[in-house]
Amino acid sequence: MARSGRAEQDLLRLCHCGMDREGVRREVLRALRRLIPNDAAFLATADPETLLFTGAWPDEPLGTVTQLFLDNEFGRDDVNKFATLATTARPVASLDSTTRRDRPASERYREIMRPLGLGDELRAALIAGGQCWGYLCLHREDHELGFTATEAATLARVSPHIAQALRNTMLLSGSPAAAPALRPGVVLLADDLSTIAMTPEAEHLLSMLEPGHLPLPVAVYSVAAALRGLERHPAGPLPSTRVRTRAGPWLNLHASRLAGPPDAAHITVVAEPVEPRAAVPLMLSAHGLTAREAEVATLVLRGNPTRTISATLHISAHTVQDHLKAVFDKTGVRSRRDLVALLLSPPPP
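Here's a quick rundown of the structure.

Definitions and limits used
- Residues numbered from 1 in each chain as written.
- Predicted model: local features only at pLDDT ≥ 70, side-chain atom pairs only at ≥ 80, totals over all residues.
- Heavy atoms only, no water.
- Pairing = 2+ DSSP bridges.
- Helix = DSSP H or I, 4+ residues; strand = E, 2+ residues; numbered from the N terminus.
- Axes fitted to C-alpha atoms, helices over the stretch in contact; angles between N-to-C directions.
- Buried < 20%, exposed > 50% of the residue type's maximum accessible area, 1.4 Å probe, protein only.
- Contact = heavy atoms within 4.5 Å.
- 1 Å grid on protein atoms, 1.4 Å probe; cavity = no way out; pocket = protein on both sides within 12 Å on 5 of 7 lines; lining within 4 Å.
- Points joined across faces, edges and corners; volume = space filled by probe spheres on them.
- Nonpolar A, V, L, I, M, F, W, Y, C, P; charged D, E, K, R; others polar.
- Phe/Tyr/Trp six-rings, centres within 6.5 Å; stacked < 30°, edge-to-face > 60°.

Let us look at the sheet that holds strand β1 (residues 40–46). Spatially, the 5 strands line up as an open sheet ordered β2-β1-β5-β4-β3, and their pairing is antiparallel. In this open sheet, the two strands that pair with only one neighbour each are β2 (53–58) and β3 (92–94). Direction aside, neighbouring strands of the sheet carry axes that sit 10° apart on average. Judged from the 3 bridges that link them, β3 and strand β4 (residues 118–128) form a sheet pairing that is antiparallel. From the neighbouring strand, S94 faces β4, where its bridge partner is L122.

Right, here's the structure in full:
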């Protein structure tokens, strides 16, 4: 028990030491393996608004079947889907507990995991500040003994800290306003998600994202797989996701289907730069602001004085200043001018 307690404390310390995304992937998963033994792990970042993947780091042999997992996640009916975990009161669940140890009840187990020699899985939506910043899945070899209720409870206890570590990595890149003018680009994919063609603009934009284990960034395949799932079960808008580049600016990726003959109706993924102002809500969430603090910060970024903010939000000027002090503390700035420089662009002289 003491050893387990030390392993958990080591994991929590790593989650709050300000590592970049690669450090989180490497060090946090290594510490997690000491706390909850597993044979393979999958870690992904997510857009908290659309819940689609923005990055993914699978251990082998999971990387060899990423496209099958994407198809299952976005286009099939199955248990413990990540988006479902992210929108329920129970963000952590194992395959055995959900199926009552009837693993073949899951298509994911039958078609993907069992052929790889994998059995039970323990999945978590990584929630911090009421929003989902990523996903985690731990796998064990195909054996009748799977993850225990105690291990699931342990993951439920530490997963908000892992979520916070992922959320904090979004704040380590450069200023979102620091990029030169960029032009949208288009990627053309076949239904099996193989690349047919790509514009030079798309190639340049995608090169700004973190490299992964696939030919293209996983966010491209995520929106494409979500589109195929939407075509099977129409509901909601066309899929899109926002991804932050290594230099700081944000990209928006959205998928649609070309009109035309069946043999030419390929999937298109458009990559386009996001204006700094459009990325502000996500950045405020990444800094851990409450809803009211974000409202105050947004009005400040629009140039509103305290009196206008007070009237708009129906709160006192004193309360506005209290919220603004919290905003400054969480974003690490000391003035309205600094806040504008951090989130939008350098302030005017």
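Still more ground to cover, so stick around.
The next point concerns helix α3 (residues 66–75). α3 sits mainly inside the fold: 8 of its 10 residues count as buried. All buried positions along α3 are accounted for by T66, F69, L70, D71, N72, E73, F74 and G75. As for α3, its buried residues are in contact with β2, α4 (82–86), α6 (107–113), β4, β5 (131–141) and α9 (218–232).

Below, the discussion takes up the layout of surface pockets. Roughly 500 Å³ of volume is contained in the largest pocket. Lining the largest pocket are 21 residues, with L52, F74, A226, L230 and A235 positioned closest to its centre. Elements with a contribution of two residues or more to the lining of the largest pocket: α3, α4 and α9. Partitioning the lining of the largest pocket into residue classes produces 10 nonpolar, 7 polar and 4 charged.

Let's shift gears to the sheet that holds strand β9 (residues 250–257). If you trace the 5 strands from one edge of the open sheet to the other, you get β7-β6-β10-β9-β8, paired in antiparallel fashion. Both outer strands of the open sheet, β7 (195–198) and β8 (240–244), are each paired with one neighbouring strand and no more. Taken pair by pair, the neighbouring strands of this sheet meet at an average axis angle of 20°, ignoring direction. Relative to β7, strand β6 (residues 185–189) is paired through 3 bridges, and the arrangement is antiparallel. Within β7, the residue paired with V187 across the bridge is M198. Here helix α8 (residues 200–207) sits on the sheet in contact with β6, β7, β9 and β10 (267–274), set at roughly 95° to β6.

Okay, the packing of aromatic side chains next. Tallied over the full model, the rule gives 6 aromatic pairs. Consider the rings of F42 and F53, whose centres lie 5.8 Å apart with planes at 55°: the pair is tilted. One end of the pair, F42, is in strand β1; the other, F53, is in strand β2, and 11 residues separate them in sequence. The pair F42 / F53 is uniform in exposure class, with both members buried. One aromatic cluster is present, formed by F42, F53, F74, F82 and Y135 through successive ring pairs.

β5 sits mainly inside the fold: 9 of its 11 residues count as buried. Bridge count between β1 and β5: 6 bridges; the pairing is antiparallel. Directly across from F42, in β5, lies its bridge partner C137. Examined bridge by bridge, β4 and β5 share 9 bridges and lie antiparallel to one another. Bridging across to β5, E121 finds its partner in H139. Where β4 folds back onto β5 in an antiparallel hairpin, the turn is made up of 2 residues, including G129, whose phi is positive at roughly 65°.

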